[in-house]
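Listed below are the residues making up each chain.
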Amino acid sequence: TFMEEWHQKLHNNSTPDDITICEAYLRFLESNGDKGVFYGYLESKGITRKRLQTYERPILQEPVFFPSVKNGLINELSHYLQTLKRVH
């Protein structure tokens, strides 16, 4: 899944791109799973689908929306975003 691949990327080589990926995923969740919102935000910050696929640990899967965990993920990822911003 997208989350598994992003998780592997984070463990292998966290970069400032992860701030943007996290922000895009939060927007995806807030839009109830609109992939256009996700990819549109990434592209507005210079991260294309191709770029996601070329990381050392590539992100090949698209995000999937699970309504039952939406609020929990938003809460957890909002906190994680702050950590990413402090690190990068």
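Preceding this paragraph is the structure being described.
Residues numbered from 1 in each chain as written. Predicted model: local features only at pLDDT ≥ 70, side-chain atom pairs only at ≥ 80, totals over all residues. Heavy atoms only, no water.

Caption draft 1: Local environment of the overall build of the protein chain. Regarding its fold elements, the protein chain presents 5 helices and 0 strands. Start at the N end of the protein chain and walk to the C end: the helices and strands fall as α-α-α-α-α. With respect to the three principal axes, the spread of C-alpha positions in the protein chain is 30 × 25 × 25 Å. By the burial criterion, 36% of the 88 residues in the protein chain qualify as buried. Looking at the protein chain as shown, the accessible area adds up to about 5,200 Å², and 49% of this sits on carbon and sulfur atoms. (Helix = DSSP H or I, 4+ residues; strand = E, 2+ residues; numbered from the N terminus. Buried < 20%, exposed > 50% of the residue type's maximum accessible area, 1.4 Å probe, protein only. Areas by Shrake-Rupley, 256 points an atom, 1.4 Å probe, with all protein chains shown as cover.)

Caption draft 2: Fine view of the packing of helix 1 (residues 2–13) against helix 2 (residues 17–30). Viewed as axis vectors pointing N to C, helix 1 and helix 2 meet at an angle of 160 degrees, and their least axial separation amounts to 12 Å. Judged on the interaxial angle alone, helix 2 and helix 1 are roughly antiparallel. As for how helix 1 packs across helix 2, the hand of that crossing is left-handed. Contacts between helix 1 and helix 2 pair Phe-2, Met-3, Trp-6, Lys-9, Leu-10 and Asn-13 from the former with Asp-18, Ile-21, Cys-22 and Tyr-25 from the latter. Considering only residue class, the contact of helix 1 with helix 2 consists of 7 nonpolar, 1 polar and 2 charged. (Axes fitted to C-alpha atoms, helices over the stretch in contact; angles between N-to-C directions. Parallel < 35°, antiparallel > 145°, perpendicular 65-115°, else oblique. Left-handed = near helix turned anticlockwise from the far one by under 90°. Contact = heavy atoms within 4.5 Å. Nonpolar A, V, L, I, M, F, W, Y, C, P; charged D, E, K, R; others polar.)

Caption draft 3: Spotlight on the environment of Gly-72. Within the secondary structure, Gly-72 sits in helix 5 (residues 70–87). Judged by its relative accessible area of 42%, Gly-72 falls in the partly exposed class.

Caption draft 4: Expanded view of the packing of aromatic side chains. What the rule picks out here adds up to 8 aromatic pairs. For the pair Phe-2 and Trp-6, a centre-to-centre distance of 6.2 Å together with 25 degrees between the ring planes defines the contact as stacked. Highlighted residues: Phe-2 and Trp-6, both in helix 1, separated by 4 residues, approximately one helical turn. The class for Phe-2 is buried, based on a relative accessible area of 2%. Relative to Phe-65, the ring of Phe-28 has its centre 6.2 Å away and its plane inclined at 85 degrees; by these criteria the two rings are edge-to-face. With Phe-28 in helix 2 and Phe-65 in the loop between helix 4 (49–53) and helix 5, the pair connects residues that are 37 residues apart, well separated along the chain. We classify Phe-28 as buried; its relative accessible area is 1%. An aromatic cluster of three or more residues is present, and its members are Phe-2, Trp-6, Tyr-25, Phe-28, Phe-38, Tyr-39, Phe-65 and Tyr-80. Across the ring face of Tyr-41, the terminal group of Arg-27 is positioned such that the distance to the ring centre comes to 4.0 Å. (Phe/Tyr/Trp six-rings, centres within 6.5 Å; stacked < 30°, edge-to-face > 60°. Lys NZ or Arg CZ within 6 Å of the ring centre and 35° of its normal.)

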